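These are the residues of each chain, in order.
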Amino acid sequence: MNFSEVFKQSNQLCKVSPDGKYLATCVQYRLVVRDVNTLQILQLYTCLDQVAHMEWSSDSLFILCAMYKRGLVQVWSLEQPEWHCKIDEGSIGLLSSRWSPDGRHILNTTEFHLRITVWSLCNKSVSYIKYPKACQKGLDFSADGRYMALAERRDCKDYISIFVCDDWHLLRHFETETQDLAGVEWSPNGCVLAVWDSCLEYKMLLYSLDGRLLSTYSAYEWSLGIKSVAWSPSSQFLAIGSYDEKVRILNHITWKKLIEFEHPATITSSKAVVFKEVEKRPVVGTENVSIHQITLGSSLFNTQSKYEIASLPVQVTVVKPDLDRANPKIGISAVAFSADNRYLATKNDNMPQSLWVWDMQRLGLQAVLEQTAPVRCFVWDPRKPRLALCTGNAKVYLWSLAGCVSVKVPAEGNFQVQSLFWHGNGDSLVLLGKDQICLCYMHTSSCSVPVTLILSK
Amino acid sequence: MGDWWTPPMMPDPSHDTKELSSISHISMSPSRHSSSAALPKHSYSILSAFCTEENVQQCVTYINQEASSLGLGGVSLDSGGPGVSLNAVSALNLFYELLQLNRRNQRQLQDLESQQLKNCSNLEHLQTNNSRLKDQLEHTRRENSGLHEGERQLQLKIRTLQSCLKSEKEEVQKLQNIIASRATQYTHDAKRKERESAKLKERLNQLLVDKRDRKLAIEMVNCVSRSDGKRGLWKTGKMEARHEGEMYKALLSDYEARQQTLMQENSELKKLLQHMKKDMVSILSPKKPCSKAPPTDDSCTKAPPADDSLEQAGSEAEDEGDECSRDALEQVCGAAREQLANSIRLQWRRLKNHMQRLDSQVSLAASQEDTISIREHEEAMQRMRVELQQCKEFIQTQQQLLQQQLSSPFDDDTAALLNDGYTLEEKERLKEEWRLFHEQKRNFERERKSFTEAAIRLGHERKAFEEDRALWLKTQFLNMTPFVDRKRPAMIEGRSALSINAEPETKVLSTSAAPNTSVPHPGFTSNTPSPAHLPSTAELYRTLQLFPESRNPGRRGSNGFQSGDTLTKSRLRNSSTDCSIFSLLRDENSAA
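Residues numbered from 1 in each chain as written. Chains lettered and ligands numbered in written order. Predicted model: local features only at pLDDT ≥ 70, side-chain atom pairs only at ≥ 80, totals over all residues. Heavy atoms only, no water.

Sorry, what's going on with the overall build of chain A here?
The secondary structure content of chain A amounts to one helix and 41 strands. Evaluated residue by residue, chain A yields a buried proportion of 57% over its 457 residues. Surface exposure of chain A reaches about 19400 Å², of which carbon and sulfur atoms provide 50%. (Helix = DSSP H or I, 4+ residues; strand = E, 2+ residues; numbered from the N terminus. Buried < 20%, exposed > 50% of the residue type's maximum accessible area, 1.4 Å probe, protein only. Areas by Shrake-Rupley, 256 points an atom, 1.4 Å probe, with all protein chains shown as cover.)

Could you clarify how one ought to interpret the sheet that holds strand β24 (residues 246–251) of chain A in this entry?
Remark on secondary structure: sheet strands pair via backbone hydrogen bonds, oriented parallel or antiparallel. Residue and element names in this part refer to chain A. With respect to topology, four strands assemble into an open sheet ordered β22-β23-β24-β25, the strand pairing being antiparallel. Edge strands, defined here as strands with exactly one partner in the open sheet, are β22 (226–231) and β25 (257–262). Strand-to-strand twist across the sheet, computed as the mean angle between neighbouring axes with direction ignored, equals 20°. (Pairing = 2+ DSSP bridges. Axes fitted to C-alpha atoms, helices over the stretch in contact; angles between N-to-C directions.)

Looking at this model, I keep getting lost on the UniProt feature "coiled-coil region" (unreviewed entry) in chain B. Mind explaining?
According to UniProt, the "coiled-coil region" (unreviewed entry) feature falls on residues 252–279 of chain B. Between the C-alpha atoms that bound residues 252–279 of chain B there is a distance of 40 Å. The span itself is 100% helix and 0% strand. (UniProt positions renumbered as here; feature names shortened; annotations may be inferred.)

Could you clarify how one ought to interpret the side chain of Thr178 of chain A in this entry?
All names here are of chain A. The topology assignment puts Thr178 in the loop between β17 (169–175) and β18 (181–186). A distance of 2.8 Å separates a polar atom in the side chain of Thr178 from a polar atom in the side chain of Asp158. A polar side-chain atom of Thr178 sits 2.8 Å from a polar atom in the side chain of Thr176. Setting aside residues up to four positions removed in sequence, Thr178 forms contacts with Asp158, Val195, Asp197 and Leu205. (Polar contact = N/O pair within 3.5 Å; in protein donor to acceptor, adjacent residues only side chain to side chain. Contact = heavy atoms within 4.5 Å.)

Would you mind going over the interface of chain A and chain B with me for this structure?
Interfaces are often sized by the accessible area lost when the parts come together. Taken together, the contacts link 49 residues of chain A with 37 residues of chain B. Taken over both partners, the interface formed by chain A and chain B buries close to 4000 Å², and the fraction arising from carbon and sulfur atoms is 57%. Joining chain A to chain B, the criterion identifies four salt bridges. A salt bridge links Arg153 of chain A to Glu194 of chain B; its shortest N-O distance comes to 2.4 Å. (Buried area = accessible area lost by both parts, 1.4 Å probe. Salt bridge = Lys/Arg side-chain N within 4 Å of Asp/Glu carboxyl O.)

Could you clarify how one ought to interpret helix α4 (residues 88–211) of chain B in this entry?
For an α-helix the count is 3.6 residues per turn, leaving residues at separations of three or four pointing the same way. Over its 124 residues, α4 of chain B runs 175 Å from end to end, which matches the ideal 184 Å to within 8%, given 1.5 Å per residue. Along α4 of chain B, the residues classified as buried are Ser90, Leu94, Leu99, Asn102, Asn205 and Leu208 of chain B. (Expected span 1.5 Å × (residues − 1).)

Would you take a moment to explain the sheet that holds strand β40 (residues 436–441) of chain A for this structure?
All names here are of chain A. One open sheet holds the four strands; their spatial order is β1-β40-β39-β38, and the pairing between them is antiparallel. Looking at the sheet topology across the chains shown, the edges are occupied by β1 (2–8) and β38 (419–422). Between one strand and the next, the sheet's axes are offset by a mean angle of 20°, whatever the strand orientation. The pairing of β38 with strand β39 (residues 428–432) spans four bridges and is classified as antiparallel. Residue pairing across strands places Leu420 opposite Leu431, the latter belonging to β39.

Explanation requested: the pairing of strand β36 (residues 395–400) of chain A in the structure shown.
Regular strands place their side chains on alternate faces of the sheet. Residues and elements named next belong to chain A. Counting buried positions over the six residues of β36 gives five, a clear majority of the element. Of the strand pairs in this sheet, strand β35 (residues 386–390) and β36 are connected by four bridges, and their pairing is antiparallel. Looking at β36, one finds that Leu387 is bridged to Trp399. Where β35 hands over to β36, the hairpin turn is made up of four residues, of which Gly392 adopts a positive phi near 80°. Note: β36 against strand β37 (residues 403–408), six bridges, orientation antiparallel. Note that in β37 the partner of Leu398 across the bridge is Val405.

I would appreciate a short explanation of the pairing of strand β11 (residues 105–110) of chain A in the present structure.
Residue and element names in this part refer to chain A. Counting buried positions over the six residues of β11 gives six, a clear majority of the element. Across five bridges, the pairing between strand β10 (residues 94–99) and β11 is antiparallel. Bridge pairing in β11 places Ser96 opposite Thr109. Counted between consecutive antiparallel strands, the loop separating β10 from β11 contains five residues, among which Gly103 sits at a positive phi close to 75°. Where β11 and strand β12 (residues 115–120) come together, five bridges link them in antiparallel fashion.

Which parts of the structure should I look at to understand the nonpolar core?
Note that soluble globular proteins tend to have their nonpolar side chains buried in a common cluster. Residues and elements named next belong to chain A. Of all hydrophobic cores here, the largest spans 35 residues; its most connected members are Met204 and Leu238. The element contributing the most residues to this core is strand β19 (residues 192–197), with five residues. If sequence neighbours within four positions are ignored, Met204 has contacts with Ala194, Val195, Trp196, Ser215, Thr216, Tyr217, Ile226, Val229, Leu238, Ile240 and Leu250. Of all hydrophobic cores here, the second largest spans 22 residues; its members include Ile332, Val335, Met360 and Leu365. (Core = buried A, V, L, I, M, F, W, Y, C linked by side-chain atoms within 4.5 Å.)

Explain the packing of aromatic side chains to me, please; I cannot follow it from the model alone.
In this description, a pair of aromatic rings is defined by centroid distance and the angle of the planes. Inspection of every chain in the model, using the stated rule, returns 18 aromatic pairs over all chains. Taking 5.9 Å as the distance between ring centres and 90° as the angle between the ring planes, the aromatic pair formed by Trp231 of chain A and Trp255 of chain A counts as edge-to-face. Of this pair, Trp231 of chain A sits in strand β22 while Trp255 of chain A sits in the loop between β24 and β25; the two residues are 24 residues apart in sequence, bridging distant segments of the chain. With 6.2 Å between their ring centres and 40° between their planes, Trp434 of chain B and Phe437 of chain B make a pair best called tilted. One end of the pair, Trp434 of chain B, and the other, Phe437 of chain B, are both in helix α9 (residues 412–480), three residues apart, so they sit about a helical turn from each other. These aromatic residues form a ring-pair network of at least three members: Phe62, Trp83 and Trp99 of chain A. A cation sits over an aromatic face here: Arg30 of chain A above Tyr29 of chain A, 5.5 Å from the ring centre. Cation over ring: Arg34 of chain A sits above Phe7 of chain A, and NZ or CZ is 3.9 Å from the ring centre. (Phe/Tyr/Trp six-rings, centres within 6.5 Å; stacked < 30°, edge-to-face > 60°. Lys NZ or Arg CZ within 6 Å of the ring centre and 35° of its normal.)

Honestly, the environment of Ile41 of chain A in this entry has me stumped. Any pointers?
Residue and element names in this part refer to chain A. By secondary structure assignment, the location of Ile41 is in strand β5 (residues 41–46). Using a relative accessible area of 47% as the deciding quantity, one classes Ile41 as partly exposed. Along the sequence, Ile41 and Tyr22 sit 19 residues apart, while their C-alpha atoms lie 9.6 Å from each other. If sequence neighbours within four positions are ignored, Ile41 has contacts with Val32, Val33 and Arg34.

Even after reading the chapter, I still don't get the confidence of the model for chain A, so can you show me in this structure?
Interpreting fine coordinate detail is not advised for predicted regions of low pLDDT. Mean pLDDT over chain A: 87, with 92% of residues reaching 70 or higher. Confidence over residues 446–457 of chain A falls short of pLDDT 50; this stretch has 36 contacts with residues more than four positions distant or in other chains. (pLDDT = per-residue confidence, 0-100.)

Just to check I follow, could you spell out the pattern of salt bridges for this structure?
Side-chain pairing between opposite charges can occur once the charged atoms of the two side chains come close. Inspection of every chain in the model, using the stated rule, returns 29 salt bridges over all chains. Residue Arg362 of chain A pairs with Asp359 of chain A through a salt bridge whose shortest N-O separation is 3.7 Å. By relative accessible area, which is 33% here, Arg362 of chain A ends up partly exposed. Shared partners join several salt bridges into a network, and the residues in it are Lys133, Arg153, Asp158 and Asp180 of chain A together with Glu194 of chain B.

What am I meant to see in helix α3 (residues 56–69) of chain B here?
Residues and elements named next belong to chain B. The end-to-end C-alpha distance of α3 is 19 Å, a good match for the 20 Å that 14 residues give at a rise of 1.5 Å each. Among the residues making up α3, those that are buried are Val56, Cys59, Val60 and Ala67. When α3 is viewed along its axis, its buried side chains cluster within an angular range of 100° and face the same direction. Structural note: α3 exposes Gln65 and Ser69 on the side pointing more than 90 degrees away from its buried face. (Arc of directions from axis to C-beta.)

Below you can see the structure in the form of structure tokens.
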């Protein structure tokens with residue numbers, strides 16, 4: 001594993017272009033575009049204000065920089081550095097901005113979810129979509145970029161509009177059987193739309209592209225419901241994480257529950273491997289701790305860590321949530337399938353230090369990673385069944401079937417990995433610190449960093 | 001014992017006498033006369049006066065009265081005598097009667113006493129029992145009351161709990177009502193608020209539209225072409241239709257793909273099913289004959305023939321099912337599938353039956369093994385007994401026959417004949433042995449001859465070898481002499497080797513001329529004898545003559561040659577003797 005130098009960044013704004021060639025980072029009001037391989041600066045753009053949101057267009061030709069406070073969006077071209085575009089949303093204010101899948105339209109959601117403004121870069125035309133719903137995930141483009149599903153709220157009822165992204169033609173418009181729609185998500189093949197209700201009610205609705213209701217699923221009533229949803233890349237499974245600390249997998253044929261994954265506080269499953277991160281502080285004898293050493297060593301706080309395979313049964317650290325407060329820290333907050341559909345990673349909020357990996361072939365628990373700090377972020381490799389995660393310290397953790405690795409980022413200063421994401425080819429990993437970034441290359445040929453690896457049983 | 005039990009009707013003075021009499025009765029054998037004699041004596045000794053001379057009459061009457069009251073004969077007085085005297089017979093009778101009575105009474109009294117005692121102890125026992133039971137009763141009563149109390153308390157508790165429950169239920173109801181009302185209120189409020197906000201949004205929207213926000217604008221250097229390079233199209237009905245079409249196409253393709261995968265899966269599953277069925281058939285079919293064969297065996301007599309017939313029917317049905325399923329594979333329809341399922345079910349049942357039967361057979365065999373062995377054992381015993389019987393009979397008959405033979409007269413002729421036969425046989429055998437012995441002897445002789453021949457040959461060979469060696473030694477010796485040119489030895493050696501090869505015949509010839517050559521010849525003159533016979537020496541000489549300065553070696557060489565010759569000769573002789581000895585040894589060996 002190799003690590004690049006550390007670069008500055010602000011607002012965690014760092015994106016790799018969809019074609020994988022460029023790396024764009026925002027530093028205050030400047031946008032820096034680098035070559036991913038050489039990390040040479042290719043372009044430098046100056047925005048009008050501190051950038052709040054940045055996004056590559058799908059064809060990697062344009063970069064959108066949104067300044068929500070100013071209600072401004074600036075678009076830069078990579079091919080023609082002198083070309084620029086500025087969209088002013090006016091006095092109404094800007095809430096969010098995003099590219100349409102074709103990379104020629106920009107969708108701006110205005111304050112109060114009053115409307116969505118669709119700006120065309122082709123002909124400067126502007127169109128509005130009214131009544132968008134303010135919810136967790138009210139808008140989703142299908143994977144092929146052809147359709148857009150939008151949750152709407154009119155007359156205290158939820159509706160879904162399906163648009164054709166080519167010319168923003170309204171294809172379907174239908175009412176949903178939800179109390180308070182919380183999110184919509186297309187299946188990866190773009191034929192099924194999963195719609196779920198807010199956490200007050202466990203309700204999952206599945207609509208066909210043509211607006212037919214395919215199925216309704218509800219696991220229980222009178223309790224907090226769905227917290228997270230994920231489609232498998234093959235559209236075969238729909239994983240639903242809920243507040244009852246379980247993940248339910250629906251199949252794509254009958255849309256019935258296939259299996260239920262519980263997250264018990266005591267792991268007894270004999271087929272699961274529990275990797276426990278063990279921190280190893282450099283051993284310093286108490287009698288020869290001198291001022292010299294203390295002043296010398298920031299290394300004193302430079303803890304190393306490694307994974308140990310815990311023998312079953314294992315007790316997972318559980319944090320008791322405050323149930324009286326809104327959005328209690330309990331339940332499955334994140335679910336993600338690996339690229340090959342083989343594994344499912346989940347995180348239970350009241351077990352913040354552990355990450356669960358499930359085998360979808362065996363439909364059982366595969367591994368549990370018990371970290372020393374709460375898991376901040378975990379991402380699957382887009383090519384391999386390999387999982388990267390970070391816990392807000394100076395280390396990157398990798399899980400694969402072969403075992404678990406903990407790698408310290410050898411950056412100067414205090415580089416704490418807040419979040420991370422993979423490069424599209426799975427060769428490198430972009431680590432985001434508080435105001436820095438660092439690239440981590442996965443080439444195993446030149447291993448310059450001490451790696452502590454434990455092979456699984 | 002209880003003197004207070006004495007009958008109270010008797011007057012006090014008789015008290016002691018009675019007792020004493022009773023004691024005497026007990027202590028000694030009841031000789032009534034003596035006692036009756038003793039009694040008056042005793043009674044006379046006491047001067048208590050029941051009867052005096054004066055009141056005899058009264059006494060008699062009194063006694064009579066008393067006796068009659070007791071149902072006894074009275075005492076009569078003799079008035080004939082000088083005084084008044086008692087009629088002895090009647091008095092004695094009465095006395096005897098009284099004594100009897102007394103004794104009876106005594107016995108009765110004893111019985112009654114013992115009865116009394118028994119009763120007393122009984123009473124005591126009953127009393128204690130009674131008290132115990134009373135205690136128990138008390139205890140149970142107390143317990144009962146305690147339980148009653150407990151029950152009462154529990155009931156009280158139940159009542160309070162019930163009331164509590166009721167109140168709780170009411171509260172729950174109330175709370176639910178409150179929740180419901182709150183929920184409705186909340187939803188109502190939420191809706192109202194939402195409507196308000198919607199209205200506000202609408203208003204805001206309106207305002208925005210009306211105001212014509214100046215700032216709302218897009219600034220661009222120049223327009224960008226579409227990503228697909230085409231021009232934007234107008235929204236028309238045709239476009240709508242096209243979108244619909246595309247959508248349906250996408251859906252259809254998805255469904256098709258899904259169906260494809262399902263079909264594939266289905267076919268794979270069917271294949272698996274078929275495979276399983278085949279396996280099952282193969283598992284079942286070889287068992288059929290053996291499961292059909294056992295009925296002859298007594299262990300399987302329990303397996304009913306109905307089962308077998310069922311199996312046959314099953315197998316037939318299965319064959320049908322097999323075909324059906326094969327058909328089903330080709331034509332995919334519900335009925336076929338049902339048939340398939342049916343056939344599978346049938347086979348499962350068959351398999352189950354089979355397994356069950358196997359199990360039962362195993363258990364049966366386990367249970368029957370002992371009995372079978374016993375039965376078999378018994379049968380064998382029977383058989384052996386019969387055999388034994390037969391053997392015995394056979395032996396008996398044989399013995400009988402032998403006896404008859406022995407008992408019958410033995411004539412000499414037959415004996416002589418028999419003896420003759422024996423001697424002849426022996427003679428024959430001896431002759432045979434003789435012949436064998438002769439043959440062996442001849443063989444030995446032949447062998448001995450061959451050995452002697454071999455020994456002679458060996459002697460010859462040895463002689464030849466000795467000659468060779470002598471020659472070789474000679475040449476070696478010559479070569480070692482300092483007069484020989486140092487450049488030569490290789491050549492000379494080569495020649496000598498050659499000569500050795502060519503020599504054997506010449507040597508054999510030279511043996512006849514040995515005496516002549518054996519004479520030592522000093523100097524050069526000695527080289528004359530038969531150079532042609534010994535070409536090697538001749539050659540040697542020739543070479544020596546070529547080099548005149550080497551004189552001594554020549555002479556030495558002749559010496560060597562001569563000595564070598566004699567040596568070989570003697571050796572030959574020795575060897576011949578050796579040979580003879582050897583052959584003798586061989587003879588001895590062969591004779592041994």
